[in-house]
Amino acid sequence: MIVDCHTHWGMAWTARDGENPARWLETLDGRGVDKAALMGHANLVRVDWCQADNDRVARVVEKAPERLLPVYTAWPQAGAQGLGEARRVIEKLGARGLKFHPWLQGFSTADPCFREMCAAAGEAGVPVIFHDGTPCYSLPEQIAGAARRFPATKFVLGHAGLLWSWRSALEAARLPNVWLCLCGPHMRAMEILCRRADPGRIVWGSDFGFGLADTIGYRLSVFKEANVEGALRGRILGENARRLLGIQ
Amino acid sequence: MNSRAEMIDAYCVLGVDREYDLTAGTLVEAMDEAEVDRAIVAPVDRSLAVMNREGNDLMLSAAREHPRRLIPACSVNPWYGAAAESELRRAIGEGARMLVLHPWVQGYLASDELAFPVLEIAGLERVPVYMHTGQPGSSTPWQAADLATRFPGVDFIMGHSGATDFWNDAVEAAGTRENVYLESSLARPFQFAGYLEKVGAAKGIAGSYAPLNDLVFEWTQLRECVPAAMWSQVAGGNLAALLGKRGAL
(Lines give C-alpha, C1' and ligand atoms only; values in the text may rest on other atoms or scores of the structure.)
Protein backbone atom coordinates (compact mmCIF):
# COMPACT_ATOMS: atom_id res chain seq x y z
CA MET A 1 0.00 0.00 0.00
CA ILE A 2 1.13 3.51 -0.80
CA VAL A 3 -0.35 6.44 1.08
CA ASP A 4 0.37 9.97 -0.04
CA CYS A 5 0.24 12.05 3.14
CA HIS A 6 0.40 15.46 1.48
CA THR A 7 -2.03 16.32 -1.31
CA HIS A 8 -4.40 19.19 -2.06
CA TRP A 9 -7.68 19.78 -3.77
CA GLY A 10 -6.28 22.84 -5.50
CA MET A 11 -8.06 25.85 -6.84
CA ALA A 12 -6.99 24.88 -10.34
CA TRP A 13 -8.81 21.57 -9.93
CA THR A 14 -11.94 23.27 -8.67
CA ALA A 15 -11.83 25.61 -11.65
CA ARG A 16 -11.50 22.73 -14.10
CA ASP A 17 -13.30 19.80 -12.50
CA GLY A 18 -15.60 21.34 -9.93
CA GLU A 19 -15.80 18.76 -7.18
CA ASN A 20 -15.29 15.68 -9.28
CA PRO A 21 -12.12 13.83 -8.24
CA ALA A 22 -12.14 11.33 -11.12
CA ARG A 23 -9.23 12.85 -13.04
CA TRP A 24 -7.38 13.65 -9.82
CA LEU A 25 -7.66 9.99 -8.81
CA GLU A 26 -6.50 8.89 -12.25
CA THR A 27 -3.14 10.45 -11.44
CA LEU A 28 -2.95 8.40 -8.25
CA ASP A 29 -3.91 5.30 -10.18
CA GLY A 30 -1.22 5.93 -12.74
CA ARG A 31 1.40 6.10 -10.02
CA GLY A 32 0.15 3.23 -7.88
CA VAL A 33 -0.91 5.39 -4.96
CA ASP A 34 -3.74 3.82 -3.00
CA LYS A 35 -4.80 6.51 -0.58
CA ALA A 36 -4.18 10.18 0.03
CA ALA A 37 -4.58 12.71 2.79
CA LEU A 38 -6.49 15.47 1.01
CA MET A 39 -6.08 19.07 2.11
CA GLY A 40 -7.67 22.17 0.72
CA HIS A 41 -6.03 25.07 -1.04
CA ALA A 42 -8.46 27.98 -1.08
CA ASN A 43 -8.97 27.51 2.64
CA LEU A 44 -5.27 28.23 3.20
CA VAL A 45 -5.31 31.38 1.13
CA ARG A 46 -8.22 33.40 2.52
CA VAL A 47 -9.91 33.28 5.88
CA ASP A 48 -13.29 34.02 4.34
CA TRP A 49 -12.92 30.99 2.06
CA CYS A 50 -11.96 28.65 4.88
CA GLN A 51 -15.29 27.15 5.85
CA ALA A 52 -16.56 26.84 2.29
CA ASP A 53 -13.40 25.11 1.16
CA ASN A 54 -13.42 22.79 4.14
CA ASP A 55 -16.93 21.80 3.08
CA ARG A 56 -15.75 21.37 -0.51
CA VAL A 57 -12.97 19.03 0.60
CA ALA A 58 -15.56 17.04 2.56
CA ARG A 59 -17.76 16.68 -0.53
CA VAL A 60 -14.83 15.62 -2.70
CA VAL A 61 -13.82 13.01 -0.14
CA GLU A 62 -17.38 11.70 -0.02
CA LYS A 63 -17.00 10.72 -3.67
CA ALA A 64 -14.09 8.40 -2.89
CA PRO A 65 -14.14 7.75 0.85
CA GLU A 66 -12.19 4.53 0.52
CA ARG A 67 -9.23 6.43 -0.91
CA LEU A 68 -9.31 9.98 0.40
CA LEU A 69 -8.75 11.12 3.97
CA PRO A 70 -9.93 14.65 4.69
CA VAL A 71 -7.58 17.16 6.25
CA TYR A 72 -9.06 20.55 7.02
CA THR A 73 -7.80 23.84 8.32
CA ALA A 74 -8.85 26.69 10.57
CA TRP A 75 -7.49 30.20 11.00
CA PRO A 76 -5.98 31.15 14.36
CA GLN A 77 -6.30 34.81 13.42
CA ALA A 78 -10.06 34.37 13.39
CA GLY A 79 -10.02 33.84 17.14
CA ALA A 80 -13.08 32.17 18.63
CA GLN A 81 -14.61 31.72 15.18
CA GLY A 82 -11.46 29.94 14.01
CA LEU A 83 -11.46 27.70 17.05
CA GLY A 84 -15.10 26.93 16.41
CA GLU A 85 -14.24 25.90 12.84
CA ALA A 86 -11.44 23.66 14.11
CA ARG A 87 -13.88 21.94 16.43
CA ARG A 88 -16.49 21.66 13.66
CA VAL A 89 -14.19 19.92 11.22
CA ILE A 90 -12.98 17.55 13.93
CA GLU A 91 -16.38 16.73 15.38
CA LYS A 92 -18.72 17.08 12.40
CA LEU A 93 -16.61 16.51 9.29
CA GLY A 94 -14.46 13.67 10.57
CA ALA A 95 -11.07 15.32 10.10
CA ARG A 96 -8.17 12.92 9.80
CA GLY A 97 -5.82 15.82 10.28
CA LEU A 98 -5.64 19.58 10.70
CA LYS A 99 -3.44 21.44 8.23
CA PHE A 100 -1.72 24.72 8.99
CA HIS A 101 0.33 26.90 6.69
CA PRO A 102 1.58 29.58 9.08
CA TRP A 103 3.20 31.85 6.50
CA LEU A 104 0.22 31.76 4.16
CA GLN A 105 -2.26 32.04 7.00
CA GLY A 106 -0.20 34.68 8.76
CA PHE A 107 0.10 33.46 12.30
CA SER A 108 2.83 32.56 14.73
CA THR A 109 2.99 29.20 16.42
CA ALA A 110 2.93 31.22 19.63
CA ASP A 111 -0.60 32.41 18.84
CA PRO A 112 -2.91 31.59 21.80
CA CYS A 113 -5.78 30.49 19.57
CA PHE A 114 -3.49 28.21 17.62
CA ARG A 115 -2.49 26.64 20.91
CA GLU A 116 -6.09 25.87 21.69
CA MET A 117 -6.46 24.28 18.28
CA CYS A 118 -3.44 22.08 18.95
CA ALA A 119 -4.93 21.03 22.25
CA ALA A 120 -8.27 20.22 20.61
CA ALA A 121 -6.56 18.16 17.93
CA GLY A 122 -4.61 16.24 20.54
CA GLU A 123 -7.74 15.49 22.57
CA ALA A 124 -9.41 14.12 19.44
CA GLY A 125 -6.35 12.13 18.34
CA VAL A 126 -6.09 14.14 15.15
CA PRO A 127 -2.56 14.93 13.89
CA VAL A 128 -1.62 18.49 13.04
CA ILE A 129 0.16 18.85 9.70
CA PHE A 130 2.24 21.88 8.77
CA HIS A 131 3.84 23.56 5.88
CA ASP A 132 7.38 23.87 7.14
CA GLY A 133 10.79 24.97 6.02
CA THR A 134 9.98 28.63 5.58
CA PRO A 135 10.57 31.61 7.84
CA CYS A 136 9.38 33.55 9.57
CA TYR A 137 6.59 31.41 11.03
CA SER A 138 7.06 27.96 9.52
CA LEU A 139 10.48 26.76 10.54
CA PRO A 140 10.78 23.19 11.85
CA GLU A 141 12.14 24.41 15.15
CA GLN A 142 9.16 26.73 15.64
CA ILE A 143 6.76 23.87 15.05
CA ALA A 144 8.80 21.71 17.41
CA GLY A 145 8.40 24.48 19.95
CA ALA A 146 4.66 24.02 19.73
CA ALA A 147 5.10 20.26 19.89
CA ARG A 148 6.88 20.64 23.22
CA ARG A 149 3.83 22.35 24.67
CA PHE A 150 1.45 19.63 23.48
CA PRO A 151 3.13 16.27 23.91
CA ALA A 152 -0.17 14.44 23.38
CA THR A 153 -0.62 15.94 19.91
CA LYS A 154 1.13 14.59 16.83
CA PHE A 155 2.89 17.32 14.84
CA VAL A 156 3.80 16.54 11.24
CA LEU A 157 6.45 18.56 9.44
CA GLY A 158 4.71 18.39 6.09
CA HIS A 159 7.86 19.11 4.11
CA ALA A 160 10.53 17.74 6.48
CA GLY A 161 12.28 21.09 6.29
CA LEU A 162 12.08 21.47 2.50
CA LEU A 163 15.45 22.05 0.81
CA TRP A 164 17.31 24.19 3.28
CA SER A 165 15.97 23.35 6.76
CA TRP A 166 15.98 19.58 6.65
CA ARG A 167 18.75 19.39 9.22
CA SER A 168 16.56 21.44 11.57
CA ALA A 169 13.70 19.07 10.83
CA LEU A 170 15.90 16.13 11.74
CA GLU A 171 16.70 17.74 15.07
CA ALA A 172 13.07 18.67 15.68
CA ALA A 173 12.05 15.08 15.03
CA ARG A 174 13.90 13.96 18.14
CA LEU A 175 10.72 14.95 19.94
CA PRO A 176 8.55 11.84 20.17
CA ASN A 177 5.45 13.60 18.86
CA VAL A 178 7.07 15.14 15.78
CA TRP A 179 6.75 13.30 12.46
CA LEU A 180 8.47 13.92 9.15
CA CYS A 181 6.73 13.89 5.79
CA LEU A 182 9.23 13.40 2.98
CA CYS A 183 7.84 15.98 0.60
CA GLY A 184 10.40 18.50 -0.52
CA PRO A 185 13.92 17.57 0.57
CA HIS A 186 16.30 16.42 -2.13
CA MET A 187 17.26 12.78 -2.53
CA ARG A 188 20.35 12.84 -0.37
CA ALA A 189 18.53 14.61 2.44
CA MET A 190 15.82 11.93 2.27
CA GLU A 191 18.46 9.26 2.66
CA ILE A 192 19.97 10.93 5.72
CA LEU A 193 16.57 11.59 7.28
CA CYS A 194 15.62 7.95 6.83
CA ARG A 195 18.87 6.80 8.32
CA ARG A 196 18.79 9.02 11.40
CA ALA A 197 15.19 9.78 12.30
CA ASP A 198 12.82 7.44 14.13
CA PRO A 199 11.79 4.98 11.41
CA GLY A 200 8.31 4.82 12.89
CA ARG A 201 7.62 8.52 12.43
CA ILE A 202 8.39 9.13 8.77
CA VAL A 203 5.80 9.29 6.01
CA TRP A 204 5.88 10.32 2.36
CA GLY A 205 3.97 12.95 0.39
CA SER A 206 3.88 14.61 -3.02
CA ASP A 207 2.10 17.98 -2.63
CA PHE A 208 0.04 16.87 -5.61
CA GLY A 209 -2.97 19.00 -6.44
CA PHE A 210 -1.72 22.48 -5.71
CA GLY A 211 -1.57 22.86 -9.48
CA LEU A 212 -2.52 20.51 -12.27
CA ALA A 213 0.98 19.09 -12.77
CA ASP A 214 1.63 15.49 -11.79
CA THR A 215 4.09 15.94 -8.95
CA ILE A 216 3.58 12.38 -7.72
CA GLY A 217 5.62 10.81 -10.48
CA TYR A 218 8.72 12.84 -9.73
CA ARG A 219 8.51 12.80 -5.95
CA LEU A 220 7.67 9.11 -5.68
CA SER A 221 10.48 8.25 -8.08
CA VAL A 222 12.96 10.31 -6.08
CA PHE A 223 12.00 8.42 -2.96
CA LYS A 224 12.14 5.05 -4.67
CA GLU A 225 15.51 5.89 -6.24
CA ALA A 226 16.93 6.99 -2.91
CA ASN A 227 19.17 4.64 -1.02
CA VAL A 228 16.63 3.65 1.63
CA GLU A 229 16.42 0.13 2.98
CA GLY A 230 13.52 -1.74 1.41
CA ALA A 231 11.57 -2.62 4.54
CA LEU A 232 11.82 0.93 5.80
CA ARG A 233 10.64 2.27 2.46
CA GLY A 234 7.58 0.09 2.78
CA ARG A 235 6.87 1.34 6.29
CA ILE A 236 7.20 4.93 5.19
CA LEU A 237 4.91 4.53 2.20
CA GLY A 238 2.31 2.50 4.01
CA GLU A 239 2.38 1.36 7.61
CA ASN A 240 3.50 4.61 9.19
CA ALA A 241 0.87 6.55 7.29
CA ARG A 242 -1.77 4.07 8.41
CA ARG A 243 -0.88 4.69 12.04
CA LEU A 244 -0.64 8.44 11.61
CA LEU A 245 -3.96 8.86 9.84
CA GLY A 246 -5.85 6.07 11.56
CA ILE A 247 -6.41 4.00 8.45
CA GLN A 248 -7.98 0.63 9.30
CA MET B 1 30.61 15.43 -30.44
CA ASN B 2 27.79 14.44 -32.73
CA SER B 3 25.17 16.70 -34.22
CA ARG B 4 22.79 16.43 -31.28
CA ALA B 5 22.56 19.26 -28.81
CA GLU B 6 25.52 19.48 -26.49
CA MET B 7 24.43 18.74 -22.95
CA ILE B 8 26.20 20.50 -20.09
CA ASP B 9 25.27 19.96 -16.47
CA ALA B 10 25.53 23.35 -14.81
CA TYR B 11 26.17 22.18 -11.29
CA CYS B 12 27.74 19.07 -9.83
CA VAL B 13 29.57 18.97 -6.52
CA LEU B 14 32.80 17.06 -6.52
CA GLY B 15 34.34 15.82 -3.30
CA VAL B 16 33.60 13.80 -0.21
CA ASP B 17 32.30 15.62 2.82
CA ARG B 18 29.12 15.21 4.87
CA GLU B 19 26.32 14.62 2.35
CA TYR B 20 28.66 14.76 -0.63
CA ASP B 21 30.38 11.66 -1.97
CA LEU B 22 31.08 12.24 -5.64
CA THR B 23 34.37 11.41 -7.30
CA ALA B 24 35.36 12.47 -10.79
CA GLY B 25 35.25 8.91 -12.06
CA THR B 26 31.77 8.28 -10.68
CA LEU B 27 30.55 11.55 -12.12
CA VAL B 28 31.84 10.78 -15.60
CA GLU B 29 30.20 7.35 -15.49
CA ALA B 30 26.87 8.96 -14.63
CA MET B 31 27.37 11.51 -17.39
CA ASP B 32 27.99 8.71 -19.86
CA GLU B 33 24.79 6.99 -18.82
CA ALA B 34 22.79 10.20 -19.12
CA GLU B 35 24.59 11.23 -22.32
CA VAL B 36 25.70 14.45 -20.70
CA ASP B 37 28.75 15.78 -22.52
CA ARG B 38 30.23 18.07 -19.93
CA ALA B 39 29.61 19.12 -16.36
CA ILE B 40 30.59 22.07 -14.25
CA VAL B 41 32.23 20.82 -11.07
CA ALA B 42 32.06 22.87 -7.89
CA PRO B 43 33.51 22.37 -4.40
CA VAL B 44 31.67 20.95 -1.39
CA ASP B 45 30.06 23.35 1.09
CA ARG B 46 33.02 23.29 3.47
CA SER B 47 35.26 24.54 0.69
CA LEU B 48 32.76 27.22 -0.23
CA ALA B 49 32.72 28.51 3.33
CA VAL B 50 36.35 27.99 4.27
CA MET B 51 39.38 26.30 2.73
CA ASN B 52 38.54 27.81 -0.65
CA ARG B 53 41.87 27.03 -2.23
CA GLU B 54 41.69 23.37 -1.31
CA GLY B 55 38.33 23.06 -3.03
CA ASN B 56 39.39 25.06 -6.05
CA ASP B 57 42.50 22.99 -6.54
CA LEU B 58 40.44 19.80 -6.41
CA MET B 59 38.20 21.11 -9.20
CA LEU B 60 41.14 22.22 -11.32
CA SER B 61 42.83 18.89 -10.84
CA ALA B 62 39.72 16.90 -11.77
CA ALA B 63 39.23 18.99 -14.89
CA ARG B 64 42.82 18.40 -15.93
CA GLU B 65 42.21 14.67 -15.64
CA HIS B 66 39.00 14.90 -17.68
CA PRO B 67 39.55 17.92 -19.91
CA ARG B 68 36.83 17.06 -22.37
CA ARG B 69 34.20 16.31 -19.74
CA LEU B 70 34.66 18.43 -16.61
CA ILE B 71 34.70 22.22 -16.41
CA PRO B 72 36.07 23.63 -13.18
CA ALA B 73 34.21 26.21 -11.14
CA CYS B 74 35.82 27.97 -8.24
CA SER B 75 34.61 29.74 -5.15
CA VAL B 76 35.89 32.25 -2.68
CA ASN B 77 34.24 33.47 0.47
CA PRO B 78 33.89 37.27 0.23
CA TRP B 79 34.62 37.54 3.94
CA TYR B 80 38.27 36.81 3.14
CA GLY B 81 38.52 40.21 1.49
CA ALA B 82 41.75 40.78 -0.40
CA ALA B 83 42.71 37.15 0.03
CA ALA B 84 39.46 36.13 -1.68
CA GLU B 85 40.19 38.43 -4.58
CA SER B 86 43.66 37.02 -4.91
CA GLU B 87 42.44 33.43 -4.79
CA LEU B 88 39.74 34.14 -7.36
CA ARG B 89 42.27 35.60 -9.79
CA ARG B 90 44.56 32.63 -9.22
CA ALA B 91 41.84 30.04 -9.75
CA ILE B 92 40.58 31.69 -12.91
CA GLY B 93 44.13 32.04 -14.12
CA GLU B 94 44.59 28.31 -13.71
CA GLY B 95 41.45 27.45 -15.61
CA ALA B 96 38.32 27.99 -13.53
CA ARG B 97 35.42 29.06 -15.73
CA MET B 98 32.72 29.95 -13.23
CA LEU B 99 32.50 31.66 -9.85
CA VAL B 100 30.20 29.98 -7.33
CA LEU B 101 28.72 32.03 -4.52
CA HIS B 102 26.56 30.50 -1.81
CA PRO B 103 25.67 33.40 0.49
CA TRP B 104 23.79 31.16 2.91
CA VAL B 105 26.76 28.84 3.39
CA GLN B 106 29.31 31.64 3.17
CA GLY B 107 27.55 33.79 5.73
CA TYR B 108 26.58 37.03 4.05
CA LEU B 109 23.60 38.61 2.34
CA ALA B 110 23.74 38.08 -1.41
CA SER B 111 23.44 41.74 -2.28
CA ASP B 112 25.83 42.92 0.44
CA GLU B 113 28.64 45.13 -0.83
CA LEU B 114 30.98 42.64 0.78
CA ALA B 115 30.76 40.58 -2.41
CA PHE B 116 31.17 43.45 -4.86
CA PRO B 117 34.95 43.11 -5.29
CA VAL B 118 34.76 39.46 -6.35
CA LEU B 119 31.84 40.22 -8.66
CA GLU B 120 33.89 42.93 -10.31
CA ILE B 121 36.64 40.42 -10.92
CA ALA B 122 34.15 37.95 -12.39
CA GLY B 123 33.03 40.64 -14.79
CA LEU B 124 36.55 41.58 -15.79
CA GLU B 125 37.53 37.95 -16.26
CA ARG B 126 34.30 37.17 -18.13
CA VAL B 127 33.26 34.22 -16.02
CA PRO B 128 29.59 33.70 -15.12
CA VAL B 129 28.50 33.69 -11.49
CA TYR B 130 26.46 30.78 -10.20
CA MET B 131 24.61 32.00 -7.15
CA HIS B 132 22.65 29.56 -5.03
CA THR B 133 19.19 30.99 -4.41
CA GLY B 134 16.19 30.00 -2.37
CA GLN B 135 17.65 30.41 1.07
CA PRO B 136 15.40 32.89 2.88
CA GLY B 137 16.94 36.22 3.64
CA SER B 138 20.43 35.47 2.49
CA SER B 139 19.94 34.63 -1.18
CA THR B 140 16.74 35.32 -3.06
CA PRO B 141 15.81 35.86 -6.72
CA TRP B 142 15.37 39.58 -6.25
CA GLN B 143 18.80 39.87 -4.67
CA ALA B 144 20.13 38.23 -7.82
CA ALA B 145 18.22 40.77 -9.89
CA ASP B 146 19.64 43.62 -7.81
CA LEU B 147 23.16 42.36 -8.35
CA ALA B 148 22.54 41.93 -12.06
CA THR B 149 21.41 45.53 -12.22
CA ARG B 150 24.49 46.75 -10.41
CA PHE B 151 26.79 44.53 -12.47
CA PRO B 152 25.35 44.54 -15.99
CA GLY B 153 28.51 42.98 -17.37
CA VAL B 154 28.26 39.90 -15.15
CA ASP B 155 26.09 36.93 -16.04
CA PHE B 156 24.22 35.61 -13.02
CA ILE B 157 22.93 32.05 -12.96
CA MET B 158 20.18 31.82 -10.38
CA GLY B 159 20.93 28.40 -8.93
CA HIS B 160 17.77 26.41 -8.13
CA SER B 161 15.53 29.21 -9.44
CA GLY B 162 14.72 30.27 -5.90
CA ALA B 163 13.43 26.85 -4.83
CA THR B 164 11.49 26.24 -2.83
CA ASP B 165 9.47 29.14 -1.58
CA PHE B 166 10.74 31.87 -3.89
CA TRP B 167 9.33 30.16 -6.97
CA ASN B 168 6.85 32.97 -7.39
CA ASP B 169 9.67 35.55 -7.48
CA ALA B 170 12.08 33.73 -9.76
CA VAL B 171 10.37 34.33 -13.08
CA GLU B 172 9.71 38.02 -12.59
CA ALA B 173 13.16 38.67 -11.14
CA ALA B 174 14.81 36.85 -14.01
CA GLY B 175 12.81 38.87 -16.47
CA THR B 176 14.09 42.19 -15.21
CA ARG B 177 17.59 41.80 -16.60
CA GLU B 178 19.10 40.13 -19.64
CA ASN B 179 22.04 38.88 -17.58
CA VAL B 180 20.00 36.68 -15.22
CA TYR B 181 19.44 33.00 -15.99
CA LEU B 182 17.40 30.33 -14.24
CA GLU B 183 19.03 27.03 -13.33
CA SER B 184 16.94 23.91 -12.88
CA SER B 185 18.40 21.88 -10.02
CA LEU B 186 16.11 21.52 -7.01
CA ALA B 187 13.45 23.51 -8.85
CA ARG B 188 11.93 20.20 -10.02
CA PRO B 189 11.71 19.53 -13.74
CA PHE B 190 7.92 19.66 -13.87
CA GLN B 191 7.98 23.14 -12.35
CA PHE B 192 11.03 24.39 -14.23
CA ALA B 193 9.32 23.73 -17.53
CA GLY B 194 6.63 26.18 -16.48
CA TYR B 195 9.24 28.83 -15.78
CA LEU B 196 10.71 28.37 -19.24
CA GLU B 197 7.37 29.05 -20.83
CA LYS B 198 7.36 32.43 -19.11
CA VAL B 199 10.99 33.56 -19.37
CA GLY B 200 11.82 31.90 -22.68
CA ALA B 201 14.29 29.20 -23.62
CA ALA B 202 17.18 31.65 -23.79
CA LYS B 203 17.18 32.01 -20.01
CA GLY B 204 17.07 28.36 -19.01
CA ILE B 205 20.04 26.32 -17.85
CA ALA B 206 19.91 22.66 -16.88
CA GLY B 207 21.71 21.33 -13.83
CA SER B 208 21.42 18.31 -11.58
CA TYR B 209 23.15 19.26 -8.31
CA ALA B 210 24.62 15.77 -8.16
CA PRO B 211 25.18 14.02 -5.83
CA LEU B 212 22.38 15.56 -3.78
CA ASN B 213 20.22 14.51 -6.67
CA ASP B 214 20.79 11.58 -8.97
CA LEU B 215 22.28 12.97 -12.19
CA VAL B 216 20.83 10.33 -14.49
CA PHE B 217 17.37 10.58 -13.00
CA GLU B 218 17.32 14.38 -13.09
CA TRP B 219 18.39 14.53 -16.73
CA THR B 220 15.83 11.90 -17.65
CA GLN B 221 13.15 13.96 -15.97
CA LEU B 222 14.36 17.16 -17.62
CA ARG B 223 14.19 15.54 -21.04
CA GLU B 224 10.60 14.56 -20.37
CA CYS B 225 9.53 17.98 -19.12
CA VAL B 226 11.42 20.56 -21.17
CA PRO B 227 9.73 21.22 -24.52
CA ALA B 228 11.71 19.78 -27.44
CA ALA B 229 11.95 23.15 -29.12
CA MET B 230 13.76 24.54 -26.08
CA TRP B 231 15.99 21.59 -25.39
CA SER B 232 19.20 22.50 -27.17
CA GLN B 233 19.38 25.89 -25.53
CA VAL B 234 18.42 24.74 -22.05
CA ALA B 235 20.44 21.52 -22.07
CA GLY B 236 23.68 23.26 -22.88
CA GLY B 237 23.51 25.95 -25.52
CA ASN B 238 22.85 28.84 -23.18
CA LEU B 239 25.51 27.79 -20.71
CA ALA B 240 28.05 27.17 -23.45
CA ALA B 241 27.49 30.71 -24.68
CA LEU B 242 28.14 32.15 -21.22
CA LEU B 243 31.23 30.03 -20.66
CA GLY B 244 32.47 30.86 -24.14
CA LYS B 245 32.71 34.55 -23.37
CA ARG B 246 36.08 33.89 -21.83
CA GLY B 247 37.20 31.82 -24.78
CA ALA B 248 36.79 28.35 -26.15
CA LEU B 249 36.36 25.56 -23.64
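Structural data are supplied above this passage.
Treat the numbers as computed from the prediction; the structure is a model and nothing was measured.

A few points about unusual backbone geometry
The phi angle of most residues is negative, glycine excepted, and most peptide bonds adopt the trans form.
And then number 1: Pro135(A) connects to Cys136(A) through a cis peptide bond whose omega is 5°.
And then number 2: If you trace the backbone, Cys136(A) turns up in the loop between β5 (128–130) and α8 (140–149).
And then number 3: Thr164(B) follows Ala163(B) through a cis peptide bond whose omega is 10°.
And then number 4: Looking at the secondary structure, you find Thr164(B) in the loop between β8 (156–159) and α8 (167–175).
And then number 5: A positive phi angle, close to 50°, is found at Arg18(B), a residue other than glycine.
And then number 6: Along the polypeptide, Arg18(B) turns up in the loop between β2 (15–17) and β3 (20–22).
And then number 7: In the Ramachandran plot, His160(B) falls in the positive-phi region, its phi being about 75° despite a non-glycine side chain.
And then number 8: Here His160(B) shows up in the loop between β8 and α8.
And then number 9: The exposure class of His160(B) is buried, given its relative accessible area of 0%.

Side note on the environment of Ile192(A)
And then number 1: Along the chain, Ile192(A) falls in helix α10 (residues 187–196).
And then number 2: What makes Ile192(A) buried here is its relative accessible area of 4%.
And then number 3: The contacts of Ile192(A), once residues within four sequence positions are left out, are Trp166(A) and Glu19(B).

Some thoughts on the interface of chain B and chain A
And then number 1: Contacts between the two partners involve 26 residues from chain B and, on the opposite side, 22 residues from chain A.
And then number 2: Taken together, both faces of the contact between chain B and chain A bury some 2,000 Å²; the carbon and sulfur share is 62%.
And then number 3: Taken together, the links from chain B to chain A amount to 2 salt bridges.
And then number 4: Between Arg167(A) and Glu19(B) there is a salt bridge, with the nearest N and O atoms lying 2.5 Å from each other.
And then number 5: Joining chain B to chain A, the criterion identifies 11 residue pairs in polar contact (both at pLDDT 80 or more).
And then number 6: At the level of elements, β3, α9 (189–199) and α10 (215–225) of chain B are the ones that each hand at least two residues to the side of chain B that touches chain A.

Cut-offs applied
The residue count restarts for each chain, going from 1 along the sequence in the order it is written. Here every chain gets a letter starting at A, and every ligand a number starting at 1, in the order they are written. The model is predicted, so local features are restricted to residues of pLDDT at least 70 and side-chain atom pairs to those at 80 or more, both for listing and for counting; the totals for chains, interfaces and linings are taken over all residues. Side-chain measures here rest on the full set of heavy atoms in the structure, leaving out hydrogens and waters. Numbering of helices and strands runs from the N terminus, with a helix taken as a DSSP run of H or I at least four residues long and a strand as a DSSP run of E at least two residues long. Only protein chains enter the area calculation, which uses a 1.4 Å probe; residues under 20% of their type maximum are buried, those over 50% are exposed, and those in between are partly exposed. We call two residues in contact when some of their heavy atoms are within 4.5 Å. Accessible surface is computed with a 1.4 Å probe, and the buried area is the amount of it that two parts give up when combined, taken over both parts together. The salt bridge definition used is simple: a Lys or Arg side-chain nitrogen within 4 Å of an Asp or Glu carboxyl oxygen. Within 3.5 Å is the distance limit for a polar contact, defined as a pair of N or O atoms, with the added protein rule that one can donate a hydrogen and the other accept it, and that residues adjacent in sequence qualify only through two side-chain atoms.

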